[in-house]
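# Summary of the model geometry
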Amino acid sequence: MEFLPIFFDIKDKPCLVAGGGDVAERKVRSLRRAGGRVRIVAPELTPELAQLRDEGKVDHLDKAFDATDLENTVLAIAATDNPEVNRQIAGLARARNIPVNVVDQPDLCSFVMPSVIDRSPVIVAVSTGGASPVLARLMRARLESLIPAGYGRLAELCRRYRDRVKDRFKTMEQRRRFWDDILQGGVAERIFTGHQEDADAAMEQALSKEHDSSMGEVYLVGAGPGDPDLLTFRALRLMQQADVVVYDRLVAKPILEMTRQDAQRIYVGKERNHHAMRQEEINALLARLAKEGKRVLRLKGGDPFIFGRGGEEIDTLAAEGVPFQVVPGITAAAGCAAYSGIPLTHRDYAQSVTFVTGHLKDGSMNLNWQQLAQPHQTVVFYMGLVGLPVIVRELQAHGVPADMPVALVEQGTTQQQRVYTGTLSNIGDIVKEKQPKPPTLIIVGEVVQLHEKLAWYEAPDRSEQGATSPVEPGTEA
Ligand code: SAH
């Protein structure tokens, strides 16, 4: 190890920064965040530093650095734009045993400043020993996505209960197991979702009971349209902590693979016309699993509240007193639009967008066609492949011109994405010829014309002729 990582208390202590440029500004920000009393020595300041000076938040010595500036300081940062001056500062500071950091010259530093993930009181610091600040920043970004924003509040809760947990559990092993449960279950989730009082109540309950018979919880999570990169941080975290995963056909396989390896997986179907499980059975299953004390991940394609029956599933949970949370996902319309270069609204073409279901019931769709046929809007049909002839017929019957552009996005955002464009008059023939595989989304409106110019995503599996799709053929989901 080239450096000893330590956390240095500089609260209300004098810290010297030589230099008043952008780099100095960044360092000043870090020092101030840790409560340091900053003194800047520099003939010129950036506007932000000048403002801090004017507000009395930093001291400013309006001059070039000299050795006396190092008097009465607990650390020094050399950030002038002159490497010779920086070297001189480093030498003087070292001679006085003052920790010194020199920007861009790791060999002159007696300490380096890490990239920081701040969830105070939790702090994660990443350093490459000055080898590559860019790499440190990249690692920081990765860690940011893994560490929930609420970790600071969680740490505060741990601090408050620490002594009581110590009294309650005599062995280290017992305490470790207890905290493991708390930090990866209901208490932590309540903290993250802002339910401080519920978290305390759950904590009291956990401390008071002899055996673990606790209530589990349900995470209703939107998995997005297919590309795993489109998951939210929260979705990923819950996917990796759930004990049971309840999923259906629309969830892309690579996403399912990202759930905890040893979690139980339950497939509940949802293919058109042959549901593996009825909706009421799914609702009951979720409640039952949670009551067994399990952390249940109900993973849904897209967003759970957009044509996902998510509302029904949590309705049952709410009625039965099972704790749950809902995590939004990127809905198919947003995902397919972005990945096919079709902006759903556009100043010149569409002032509104409507999401409708094109699901056929008894051969028809109960939709307000009059409204859907209005100009200057985009209409997105979910579940519309089978009913496409009805969509085409009704829109035209209500006045939409036959040359209105239409796009059909097949397996949007996945490695197998394909986009077909045409008009109301020929999209039916295109579909007959190309036989797209589900899931597919239909976008109707002038904005579809923009696809030609704005398409940017090239599905890897579709870039060669004759590539085969790993998704088995089926009917529209
Ligand atoms: N809750 C989901 C929608 C469920 S309804 C969401 O918010 O996206 C199922 C329909 O969504 C499919 O019939 C199809 O029209 C659409 N869909 C879902 N994923 C899709 C994808 N990757 N590409 C195209 N359409 C998709």
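Residues numbered from 1 in each chain as written. Predicted model: local features only at pLDDT ≥ 70, side-chain atom pairs only at ≥ 80, totals over all residues. Heavy atoms only, no water.

## A word on the pattern of salt bridges
Inclusion rule: Salt bridge, as applied in this entry: a Lys or Arg side-chain nitrogen positioned within 4 Å of an Asp or Glu carboxyl oxygen. Helix and strand assignments come from DSSP, with helices taken as H or I runs of at least 4 residues and strands as E runs of at least 2, each series counted from the N terminus. For each residue, the accessible area found with a 1.4 Å probe, counting protein chains only, is set against the maximum for its type, and the residue is called buried under 20%, exposed over 50%, and partly exposed in between.
For the structure on display, the rule yields 29 salt bridges. We note a salt bridge from Arg-29 to Glu-25, for which the minimum N-O separation is 2.7 Å. Here Arg-29 pairs with Glu-25, and both are found in helix α1 (residues 22–33), just 4 residues apart, close to one helical turn. As a salt-bridge pair, Arg-260 and Asp-262 come within 2.8 Å of each other at their nearest N and O atoms. Assessed through its relative accessible area of 59%, Asp-262 is described here as exposed. One salt-bridge network, held together by shared partners, links Asp-243, Arg-260, Asp-262 and Arg-295.

## Section: the environment of Pro-114
Heads up, the condition is: In this description, contact between two residues means that some pair of their heavy atoms is separated by no more than 4.5 Å.
Mapping Pro-114 onto the fold places it in the loop between β5 (100–102) and β6 (115–119). Each C-alpha atom of the pair Pro-114 and Gly-412 lies 40 Å from the other, and the pair is 298 residues apart in sequence. Beyond its immediate chain neighbours, meaning those up to four positions away, Pro-114 contacts Ala-125, Val-126 and Ser-127.

## A short note on the sheet that holds strand β11 (residues 295–300)
Worth spelling out the cut-off: Two strands qualify as a pair provided that DSSP identifies no fewer than 2 bridges between them. Only the stretch in contact is used when a helix axis is fitted, and all axes are lines through C-alpha atoms; the angle between N-to-C directions ranges over 0 to 180 degrees.
What the 5 strands build is an open sheet, ordered β10-β9-β11-β8-β12; its pairing is parallel. Two strands bound the open sheet, and with one partner strand each, they are β10 (264–267) and β12 (324–327). Adjacent strand axes in the sheet meet at a mean angle of 20 degrees when their direction is disregarded. With 4 bridges connecting them, strand β9 (residues 244–247) and β10 associate as parallel partners. When the sheet's bridge partners are listed, Val-246 is paired in β10 with Ile-266.

## Considerations on the environment of Ala-155
Within the element layout of this structure, Ala-155 appears in helix α5 (residues 151–168). Ala-155 sits in the buried class, given a relative accessible area of 19%. Considered as a pair, Ala-155 and Arg-119 are 36 residues apart in the sequence and their alpha carbons are 8.9 Å apart. Beyond its immediate stretch of four places on either side in the chain, Ala-155 contacts Pro-121 and Val-122.

## Details of the site of the ligand
Formally: Any residue with a heavy atom positioned within 4 Å of a molecule or strand is treated as near that molecule or strand. Polar contacts, as counted here, are pairs of nitrogen or oxygen atoms within 3.5 Å of one another; within protein the pair requires one atom able to donate a hydrogen and one able to accept it, and residues that are adjacent in sequence qualify only if both atoms are side-chain atoms. Only the protein chains shown count as cover for residues, and all accessible areas are computed by the Shrake-Rupley method using a 1.4 Å probe. Side-chain classes are defined by residue name, with Ala, Val, Leu, Ile, Met, Phe, Trp, Tyr, Cys and Pro counting as nonpolar, Asp, Glu, Lys and Arg as charged, and the others, Gly among them, as polar. The domain boundaries here were taken from an automatic or database domain assignment.
Around the ligand, the structure places 20 residues, and the nearest of them are Pro-225, Ile-306, Thr-331, Gly-412 and Thr-440. Separating a nitrogen atom of the ligand from a backbone N or O atom of Gly-301 is a distance of 3.1 Å. Coverage of the ligand by the protein chains reaches 97% of its 550 Å² of free accessible surface. At the level of secondary structure, the elements contributing two or more residues to the shell around the ligand comprise α13 (332–340) and β17 (440–444). Taken together, the residues of the shell around the ligand break down into 12 nonpolar, 6 polar and 2 charged. Here the shell around the ligand spans two domains, since at least three of its residues come from each of domain 3 (217–330) and domain 4 (333–464).

## Here's the deal with the domain arrangement of the chain
With domains assigned, the chain is organised as domain 1 (14–113), domain 2 (116–127 + 135–213), domain 3 (217–330) and domain 4 (333–464). Between domain 1 and domain 4, the C-alpha centre-to-centre distance is 58 Å.

## Some thoughts on the confidence of the model for the chain
Rules: For every residue, the predictor reports its confidence as pLDDT, a number between 0 and 100.
Taken residue by residue, the chain gives an average pLDDT of 92. The fraction at 70 or more is 95%. Under a pLDDT of 50 for its full length, residues 465–477 has, in the predicted model, 30 contacts with residues more than four places off or in other chains.

## Let's talk about the nonpolar core
Let me state the cut-off plainly: Here, the term nonpolar core denotes a set of buried Ala, Val, Leu, Ile, Met, Phe, Trp, Tyr and Cys residues that are joined through side-chain atoms within 4.5 Å.
If you look at the biggest cluster of nonpolar residues, it comprises 26 residues, and the most contacted ones within it are Trp-369, Leu-372, Phe-381, Leu-395 and Ile-442. Of all the elements, helix α15 (residues 388–397) adds the most residues to this core, at 5 residues. Look past the residues within four positions of Leu-395 in its chain and what remains in contact with it is Trp-369, Leu-372, Ala-373, Phe-381, Val-400, Leu-424 and Val-444. Within the second largest apolar cluster, 19 residues are counted, among which are Cys-15, Ile-40, Leu-75 and Ile-77.

## Overview of the packing of α5 against helix α6 (residues 172–183)
Stated precisely, the cut-off is as follows: Angle categories: roughly parallel below 35 degrees, roughly antiparallel above 145, roughly perpendicular from 65 to 115, and oblique for all the rest. Crossing handedness is defined as follows: a turn of the near helix away from the far one that is anticlockwise and smaller than a right angle gives a left-handed crossing, while the clockwise case is right-handed.
The N-to-C vectors of α5 and α6 enclose an angle of 150 degrees; their axes lie 12 Å apart at closest approach. It follows from the interaxial angle that α5 and α6 lie roughly antiparallel. Handedness of the α5/α6 crossing: right-handed. Across the interface between the two elements, Leu-154, Cys-158, Tyr-161, Arg-162, Val-165 and Lys-166 of α5 pack against Arg-175, Phe-178, Trp-179 and Leu-183 of α6. The residue inventory of the contact of α5 with α6, partitioned by class, reads 7 nonpolar, no polar and 3 charged.

## Here we look at unusual backbone geometry
The omega angle of the peptide bond from Ser-120 to Pro-121 is 5 degrees, so this bond is cis rather than trans. Among the structural elements, Pro-121 can be located in the loop between β6 and β7 (122–126). For Asp-104, which is not glycine, the phi torsion reads 65 degrees and is therefore positive. For Asp-104, the position within the fold is in the loop between β5 and β6.

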